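Chain by chain, the residues:
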Amino acid sequence: MKEEIQLEAPLVKEHADAFEFGIYTLGDISADPVTGQTLSARDRMKEIVAAARLADEAGIDIFGVGEHHRLDFAVTSPPVVLAAIAQVTKQIRLTSATTVLGTSDPVRVFEDFSTLDLLSDGRAEIIAGRGAYVESFPLFGYELGDYKDLFYEKINLLLELNENERMTWNGRFRTALENAEIAPRPLQECLPVWVGVGGTPQSAELAGKLGTGMALAILGGDPAHFKPLVDVYREAGIRAGHKKEALKIAITSHGYIAKSTQQAKDEYYPYYANYVGQFMGGNARGEKMAREQFEQLASPVNALAVGSPDLIVEKILAQHELFGHNRFMAQFDIGAIPFPKVAATIELLATKVAPIVRRELNKKA
């Protein structure tokens, strides 16, 4: 973290609706598979803030912080971390990635992100999701059997809070609101809200009906397999009366960029295998992910965003042909990958990938 990273000047986006690039972190903590060392939660947090500051300086559009409630993740409260980031950044938008809304109070979530919006001069967003981990349910006294109903009630309440300074409301999982003042109000007219979708048509349809953005996680496999979810989202949104151009899509992925694809794969593999083994189920017998399996996941036709800048450009443009999405967001810092490697990847995304993708998409506009 002490090493100073010198960035090339990123190209300025050509227009306000230019394709957006983001990075996000879940703040995982694990032993470095090469050195065996494990960062403390304090040092992991410092890395997150440093990565956000670097991304802001490089011209990246969005920085996201995820929420977990276990000792092998550093972040339990995204708005607190994002508020710290707001003080060392100037332009980058700040989002959760994601807020586990089913086990959160929507009023408190809205207040926290409105406060973040004021502190950051109008840069706050929320990606709300059900959450891939369930440790927050017993921790905060919720029943896992209410998983879907909790999210449905709370996302609707959150959107109403976003629209109204005073609220009268009654539901199943929260005390009623009677002409309650909802404060503070954000600097933006409304906080941008996205729904995180992991792969179920029901989640995609709900996001469309609500008219929120959809942040679609594509962590592996053929991106074409996810096209039906995008179609369900847009069809549901249009049926509900939302304008097509208001239905925003972000594609999120794991990734790593180096000067050559071979270098990227060689450097990333031990850390990706480390992450998969600890946080994504790994091998049923506890075996390490084989290099051959990783090579398949990182192949040009699959979604894992690992390779040279040219290959990442090709993957993003190919996905844009499928989805017509508005954002690409990558998670670089997984499996204890050293910060200088993350910093170099951020630089390549900002200076070698983003300008070319925007240029090619502008040609088609």
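Just so it is clear, the structure is predicted and the values come from calculations on it, not from any experiment. (Residues numbered from 1 in each chain as written. Predicted model: local features only at pLDDT ≥ 70, side-chain atom pairs only at ≥ 80, totals over all residues. Heavy atoms only, no water.)

Chemist: Help me get a handle on the overall build of the chain, residues and values and all.
Modeler: Counting its secondary structure elements, the chain contains 11 helices and 12 strands. For the chain, the C-alpha radius of gyration of 20 Å lies close to 21 Å, the compact-globule estimate for 365 residues. Expressed as lengths along the three principal axes of its C-alpha atoms, the size of the chain is roughly 60 × 45 × 40 Å. Out of the 365 residues in the chain, the part that is buried amounts to 53%. (Helix = DSSP H or I, 4+ residues; strand = E, 2+ residues; numbered from the N terminus. Rg over C-alpha atoms; globule rule 2.2 N^0.38 Å. Buried < 20%, exposed > 50% of the residue type's maximum accessible area, 1.4 Å probe, protein only.)

Chemist: So, the nonpolar core: which residues are in play, and what are the values?
Modeler: By size, the foremost hydrophobic cluster in this structure holds 107 residues, and its most contacted members are Phe63, Ile155 and Ile346. Of all the elements, helix α11 (residues 339-364) adds the most residues to this core, at 11 residues. Each residue touching Ile346, except ones within four places of it in the same chain, is listed here: Ile23, Ala51, Leu54, Ala55, Ala58, Ile60 and Phe332. (Core = buried A, V, L, I, M, F, W, Y, C linked by side-chain atoms within 4.5 Å. Contact = heavy atoms within 4.5 Å.)

Chemist: Help me get a handle on the packing of aromatic side chains, residues and values and all.
Modeler: Two numbers describe a pair of aromatic rings. These are the distance of the centres and the angle of the planes. Taken as a whole, this structure holds 11 aromatic pairs when the rule is applied. Pairing Phe19 with Phe21 gives two aromatic rings, centres 5.2 Å apart and planes at 70°, and the pair type is edge-to-face. Each member of the pair Phe19 and Phe21 is classed as buried. What links up through ring pairs into an aromatic cluster is the set Tyr256, Tyr268, Tyr269, Tyr272 and Phe294. (Phe/Tyr/Trp six-rings, centres within 6.5 Å; stacked < 30°, edge-to-face > 60°.)

Chemist: Explain the pairing of strand β10 (residues 249-257) to me, using residue names and the numbers behind them.
Modeler: Judged by how many residues are buried, β10 sits mostly within the fold: nine of nine residues are covered. Of the two faces of β10, the one lined by Ile249, Ile251, Ser253, Gly255 and Ile257 and the one lined by Ala250, Thr252, His254 and Tyr256 are each fully buried. With four bridges joining them, strand β9 (residues 213-217) and β10 adopt parallel strand pairing. Each bridged residue has a counterpart across the sheet, and for Ala217 the counterpart in β10 is Thr252. In this structure, β10 lies alongside strand β12 (residues 327-331), joined through five bridges in parallel fashion. (Pairing = 2+ DSSP bridges.)

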